[in-house]
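# Architecture at a glance
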Amino acid sequence: MTALDRDALAARDAADPLARFRNDFELPDGVIYLDGNSLGPLPRVVRERVAACVTEEWGTGLIRSWNSAGWIDLPTKAGGKISALIGAEPESVVATDSTSVNLFKVLAAALALRPDRKVIVSEKSNFPTDLYMVEGLTELFGKGHELRLIEDPSKLPEALGKDVAAVMLTHVNYRSGYMHDMAAVTKSGHEAGALAIWDLAHSAGAVPVDLAGAGADFAVGCGYKYLNGGPGAPAFAYVAPRHQEAARQPLTGWFSHKAPFAFDHRFEATDGIKRFLCGTPPVLAMTALDAALDLWSEVDMAALREKSVALTECFIELVESRCAGLGLTLASPREAAQRGSQVSFAHESGYPVMQALIARGVIGDFRAPDLLRFGFTPLYTRFADVWDAVTHLEDILRTRCWDRPEFHARAAVT
Ligand SMILES: *Cc1c(COP(=O)(O)O)cnc(C)c1O
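Here's what I pulled together on the structure shown here. (Residues numbered from 1 in each chain as written. Predicted model: local features only at pLDDT ≥ 70, side-chain atom pairs only at ≥ 80, totals over all residues. Heavy atoms only, no water.)

This next bit is on the nonpolar core. Membership of the largest hydrophobic core comes to 58 residues, with the highest contact counts inside it found for Ile86, Trp198, Leu200, Leu211, Leu227 and Trp296. Viewed by domain, this core spans two of them, domain 1 (6-30 + 300-408) and domain 2 (49-298), each represented by three or more residues. Not counting residues within four places of it along the chain, the set of residues in contact with Leu200 comprises Ile86, His171, Met182, Val209, Leu211, Ala219, Val220, Gly221 and Phe236. (Core = buried A, V, L, I, M, F, W, Y, C linked by side-chain atoms within 4.5 Å. Buried < 20%, exposed > 50% of the residue type's maximum accessible area, 1.4 Å probe, protein only. Domains from an automatic or database assignment. Contact = heavy atoms within 4.5 Å.)

Written as structure tokens, this is what we have:
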């Protein structure tokens, strides 16, 4: 890499083929936003589309808009746009519910497809809600299912026995940013007779994903992180076409019925991916997500990945050189191929250090007990932002200004 200084990085921005997308977002002045992995910023098109949805579709169209404005098709329409981003087959993705709820549905479907097997393999460091959902589901099932947690990815082969129904992993780890080899893990799961369920919360819109190519069975993912769908945006669920006929999910609301408006008193599952819907979609939130997804039609995912790797490499190199001896330890894989689009550093006073950064407009987040987490979202993050963020971090650590009482006060959301 050439010598890193601010001018060299600004020159990279000037030559960046993705630079034009920054103008598609509303980003406040004076903010370096390194938390798009937790809540994506507001795409300009979303402001317009949601306003039109409220004023015209809801305000004037009223209930007619379910048909005339296509509200009823939003889950499959948004799902179709997501499928293009994650290498999914047509009509294999719906936007619906939350990631947690979708995980419940696909897990239940997967376990029913492997009735003789009682083990779900996952990772101890998986996002807690994923593990909590397994606990709740297995308790409800009452069939003696067991969650087998591996300590790190290298232990996967030993965990895969004839008793394993499903391997349920998050593709990119929310803490370290470690990225699994989806194709290889899916293959070893299949060789053991298990199904592969992937959580793409930190992958969709962050790294190229090829669900069909990897042979994945089920997947879920998040709408409000890299997909910029807005706070609490609908999540998504993927079911491989080969499972769609046999797969059943237990939240059999009327939107998963063959003929919801027949108002039959008996449930009959609809065909295809719509079986993974449950109830009425949140139209305002779905409209925001659907509009945000339009940005992706012009994004070259290979270029996105290339810039993501360059941003994270640059950040690691600058932090390790400029903040050497200041108590930071890299907590993400050094190898770019094993890293998603985020970088974490451990620091024993991670919480107040992050609050001091946020007070200066450098917004990342903190994950207990000691991780400073920085998301690099190539659509709007500039190379010069990386330089400026590290300049603030270095200054905060050298002056120890993080050690003020106001930076130690804990908020509910970190
Ligand atoms: C963000 C995230 C979730 C969020 O789940 P919700 O149901 O939307 O709260 C789930 N799993 C992983 C791995 C995540 O990163």
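The next thing to look at is the sheet that holds strand β9 (residues 218-221). Ordered by their spatial adjacency, seven strands build an open sheet running β4-β10-β9-β8-β7-β5-β6, and the pairing between neighbours is mixed. Of all the strands in the sheet, just β4 (93-96) and β6 (146-150) have a single pairing partner and so form its edges. Each strand of the sheet is rotated relative to its neighbour by a mean of 20°, with strand direction disregarded. The pairing of strand β7 (residues 164-170) with strand β8 (residues 195-199) spans five bridges and is parallel. Bridge pairing in β8 places Val167 opposite Ala196. (Pairing = 2+ DSSP bridges. Helix = DSSP H or I, 4+ residues; strand = E, 2+ residues; numbered from the N terminus. Axes fitted to C-alpha atoms, helices over the stretch in contact; angles between N-to-C directions.)

Most of strand β12 (residues 342-346) is tucked away: five of the five residues are buried. The side-chain alternation of β12 yields two buried faces, one formed by Gln342, Ser344 and Ala346 and the other by Val343 and Phe345. Pairing between strand β11 (residues 329-330) and β12: two bridges, direction antiparallel. From the neighbouring strand, Thr329 faces β12, where its bridge partner is Ala346. As paired strands, β12 and strand β15 (residues 371-375) are joined by five bridges and run antiparallel to one another.

Bringing the sheet that holds β15 into the picture now. Read from one edge to the other, the open sheet built from four strands follows the order β11-β12-β15-β14, with strand pairing classed as antiparallel. Edge positions in the sheet fall to β11 and β14 (365-367), since each of these pairs with one other strand and no more. Relative to β15, β14 is paired through three bridges, and the arrangement is antiparallel. What sits directly across from Arg367, in β15, is Leu371. Those strands touched by helix α11 (residues 301-322) are β11, β12 and β15, and its axis lies near 20° from that of β12. Against the sheet, helix α12 (residues 350-359) touches β14 and β15, its axis set at about 40° to β15.

Okay, the layout of surface pockets next. If a probe as big as a water molecule is rolled over the atoms, it shows which places are left empty. If you add up the space inside the largest pocket, you get close to 290 Å³. Lining of the largest pocket is provided by 21 residues; of these, Thr99, Phe127, Cys222, Tyr224 and Lys225 occupy positions nearest its centre. Of all the elements in the fold, those that place two or more residues in the lining of the largest pocket are α5 (99-113) and α6 (128-141). Looking at the lining of the largest pocket residue by residue, the class counts come to seven nonpolar, nine polar and five charged. (1 Å grid on protein atoms, 1.4 Å probe; cavity = no way out; pocket = protein on both sides within 12 Å on 5 of 7 lines; lining within 4 Å. Points joined across faces, edges and corners; volume = space filled by probe spheres on them. Nonpolar A, V, L, I, M, F, W, Y, C, P; charged D, E, K, R; others polar.)

Note that all results are geometric; they support no functional claim without further evidence.
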